[in-house]
Amino acid sequence: MSAIVLKDVSFSYEEGGSQVLSHGELTVEYGEVALLCGLSGEGKSTVLSLIAGIIPHVTPGQIQGEVYIDGESTAGQSMGQICRKVGVVLQNAESQIIQQLVEDEIAFGCENFALSPQEIAQRIQESCQVMKLSPQWRTRTLSGGQKQRLMTAATLATGQRILVLDEPLANLDRAGAHLLMGALRRLASSGYAVLVVEHRLDMVLPYVDRVWNIRQGQITRVENKEAYLTAQARYIADTCPASQSREPLLELQQMGFAVKDREILREIDLTLYRGERLLLLGENGCGKTTLLRLMARLYRPTRGRILQRIDPALGQGPKGDRNWFQRVGVVYQNPNYQLFMPTVEQEIAFGAARPEDAREMMARFGLEHLAQRHPHSLSEGQKRRVSIAAVVASRPDLLLLDEPTVGQDYQGLKEMVEILNDLHRQTGNTVVTITHDMRCAEALCDHAALVEQGVIAQEGGKELAHRYFYQQGPVVTPAP
């Protein structure tokens, strides 16, 4: 008996438009890890929503064909009945978190399944151990990668033998990605069925048994995954000359940041020079995003100071104001935090320096066909492109990017890097980037800083980024 079967499935959303799926066929067996991949916005998340019962119970639409879970058609089943069999980790893990402590979040699903307190305690301990989490951590202080691991741990703890994960590696560092995929591989070897949607093929393909690709509503099986990896996971070369400027733009002097009794950053001495591209490296939870938010004046240092040399008129105050954010652009790790206008066109025009800048960014990022769509109706990869386009349309002097490449297929990633570097050449802006994507890291880097345990452990150029991704990554031999 197969775990998941899509049989001649077609689907279009209720608001109309073309079919997202057309006569789709897909099978996932118990004992295997399967991968569903394809271009951003092609319908991968739609497939997972059909499998999990989110469609049609939460998101309505027109469905033809049959979806079978554990040998039974989902037609006529409630979402609760489907969820008893299928564990789901959504693309935006943060949207699933409702509890304040890690242990409470993991316990929540187990309690809904009426497990005994003793069984719940054991599952919390086991899933935290697998995902390298502390049960007592507060969920709101976790990094994006830690939140991703938490929701995976919560799903594992509930014990469903069919697991579907939407971009589970999105915010994970290299060690975390191998840790998660290794755990999924072992679960499959013990009889679970695992379906993963993912763009980071270099990380996931060594662990998978079967690969499906979706394009223009059609699902096809990829027979040669090694050739597919070669085509989709190529290294992106840097075509942007390194800045030679030694004029300071931001100076971080003995800076520290703590939340209550938890020290996140300490003794940070770092100079950001005008016109350079700084790449922040480090494992999940090391403090990279906190450092970026301090640079953005979204947080106030609890120790030391940050001196800005962007413009004396902006002052040295610890928090940013309207004038500050007209010169400093921030792209958040979660694009939902900054998309608030009713259409994509209005979103990009809102902060644009000039109307023609908004039109240019719409065209450059390939968003013209989405102009009248609501930003929150888009795929996560499309949301990411809209959020970046909206920020760069304001032509900021300092551009701060937190995981800008999440949710991008190889072609989309290449185009995004080329756009960012082209704008950098044109405007001479200063760029700070956090990314775990080894394909593009060096192409966004003149100056690299490695954050470890809350301090700047190393500084260097592209060679530091290369060592971090290619020489210091964990050596993992996936189970056959």
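Here the structure is a predicted model, which means the values were calculated and not measured.

### Comments concerning the nonpolar core
Most often, soluble globular proteins keep nonpolar side chains buried together rather than apart.
Then step 1. If you look at the biggest cluster of nonpolar residues, it comprises 56 residues, and the most contacted ones within it are Ile 106, Leu 184 and Leu 281.
Then step 2. If we ignore the near neighbours within four places in the chain, the residues touching Leu 281 are Lys 288, Ala 448, Ala 449, Leu 450, Val 451, Leu 464, Ala 465, Tyr 468 and Phe 469.
Then step 3. Core analysis: the next-biggest nonpolar cluster, separate from the first, contains 34 residues, Ala 371, Ala 393, Tyr 410 and Met 416 among them.

### Here's the deal with the confidence of the model for the protein
Then step 1. Averaged over every residue, the pLDDT of the protein is 90; residues scoring 70 or more account for 97%.
Then step 2. Considering only residues more than four positions removed or in separate chains, one finds that residues 473-480, a stretch of pLDDT under 50, has 13 contacts.

### Digging into unusual backbone geometry
Then step 1. With an omega of 10 degrees, the peptide bond running from Ile 55 to Pro 56 counts as cis.
Then step 2. Mapped onto the fold, Pro 56 is located in helix H2 (residues 54-57).
Then step 3. Of note, Gln 254 is a non-glycine position whose phi angle comes to about 50 degrees, a positive value.
Then step 4. Turning to its location among the elements, Gln 254 is positioned in strand S11 (residues 248-259).
Then step 5. Among the residues examined, Gln 254 registers a relative accessible area of 42% and is labelled partly exposed.
Then step 6. Residues other than glycine seldom take positive phi values, yet Lys 260 does so here, at roughly 55 degrees.
Then step 7. Among the structural elements, Lys 260 can be located in the loop between S11 and strand S12 (262-273).
Then step 8. We classify Lys 260 as exposed; its relative accessible area is 74%.

### Quick word on the pairing of strand S17 (residues 430-434)
Consecutive side chains of a regular strand alternate in pointing toward one face of the sheet and then the other.
Then step 1. Extensive coverage of S17 is indicated by the burial of five of its five residues.
Then step 2. Here four bridges tie strand S13 (residues 277-281) to S17, and the two strands are oriented parallel to one another. Its bridge partner being in S17, Leu 278 is matched across the sheet by Val 432.
Then step 3. Across five bridges, strand S16 (residues 398-402) lies against S17 in parallel orientation.

### Some words on empty space enclosed by the protein
Then step 1. Counting across every chain of the model gives three cavities of 30 Å³ or more.
Then step 2. Residue lining of the largest cavity: 13 residues in total, with Ala 170, Arg 200, Thr 405, Val 406 and Asp 437 positioned closest to the centre.
Then step 3. Looking at side-chain class alone, the lining of the largest cavity contains two nonpolar, five polar and six charged residues.

### Concerning helix H13 (residues 355-364)
Then step 1. Within H13, the full set of buried residues consists of Asp 357, Ala 358, Met 361 and Met 362. All buried residues of H13 project into a common sector of 140 degrees when viewed along the axis, lining one side. The exposed set on the far side of H13, more than 90 degrees from its buried face, consists of Pro 355 and Arg 359.
Then step 2. In this structure, the buried side of H13 is in contact with helix H12 (344-350), helix H14 (380-392) and helix H15 (410-427).
Then step 3. Within two residues after H13, Gly 366 carries a phi angle of roughly 65 degrees, on the positive side.

### As for the layout of surface pockets
Then step 1. Here the second largest pocket is characterised by a volume of approximately 860 Å³.
Then step 2. Around the second largest pocket, the lining comprises 46 residues; the ones closest to its centre are Leu 142, Ser 143, Gly 144, Lys 147 and Thr 289.
Then step 3. At the level of elements, helix H6 (144-158), S11, S12, helix H10 (288-295) and H14 are the ones that each hand at least two residues to the lining of the second largest pocket.
Then step 4. Looking at the lining of the second largest pocket, the element that brings in the most residues is H6, giving five residues.
Then step 5. Residues belonging to the lining of the second largest pocket are distributed by class as follows: 13 nonpolar, 20 polar and 13 charged.

### Considering the sheet that holds strand S1 (residues 4-13)
Then step 1. Taken in spatial order, the four strands line up as S2-S1-S4-S5 in an open sheet, and their pairing is antiparallel. The open sheet terminates on both sides in strands that have one partner only, identified here as strand S2 (21-28) and strand S5 (72-73).
Then step 2. Note that strand S4 (residues 61-69) and S5 share two bridges and pair antiparallel. Looking at S5, one finds that Ile 69 is bridged to Glu 72.
Then step 3. Each of S1, S2 and S4 touches helix H1 (residues 44-52); the most contacted strand, S1, lies at about 115 degrees to it.

### Some words on the environment of Ala 34
Then step 1. Inspection of the secondary structure puts Ala 34 in strand S3 (residues 33-38).
Then step 2. Judged by its relative accessible area of 0%, Ala 34 falls in the buried class.
Then step 3. Through-space distance from the C-alpha of Ala 34 to that of Ala 193 is 8.1 Å; in sequence the pair is 159 residues apart.
Then step 4. Each residue touching Ala 34, except ones within four places of it in the same chain, is listed here: Val 28, Val 194, Leu 195, Val 196, Arg 210 and Trp 212.

What counts as what
Residues numbered from 1 in each chain as written. Predicted model: local features only at pLDDT ≥ 70, side-chain atom pairs only at ≥ 80, totals over all residues. Heavy atoms only, no water. Core = buried A, V, L, I, M, F, W, Y, C linked by side-chain atoms within 4.5 Å. Buried < 20%, exposed > 50% of the residue type's maximum accessible area, 1.4 Å probe, protein only. Contact = heavy atoms within 4.5 Å. pLDDT = per-residue confidence, 0-100. Helix = DSSP H or I, 4+ residues; strand = E, 2+ residues; numbered from the N terminus. Pairing = 2+ DSSP bridges. 1 Å grid on protein atoms, 1.4 Å probe; cavity = no way out; pocket = protein on both sides within 12 Å on 5 of 7 lines; lining within 4 Å. Points joined across faces, edges and corners; volume = space filled by probe spheres on them. Nonpolar A, V, L, I, M, F, W, Y, C, P; charged D, E, K, R; others polar. Arc of directions from axis to C-beta. Axes fitted to C-alpha atoms, helices over the stretch in contact; angles between N-to-C directions.

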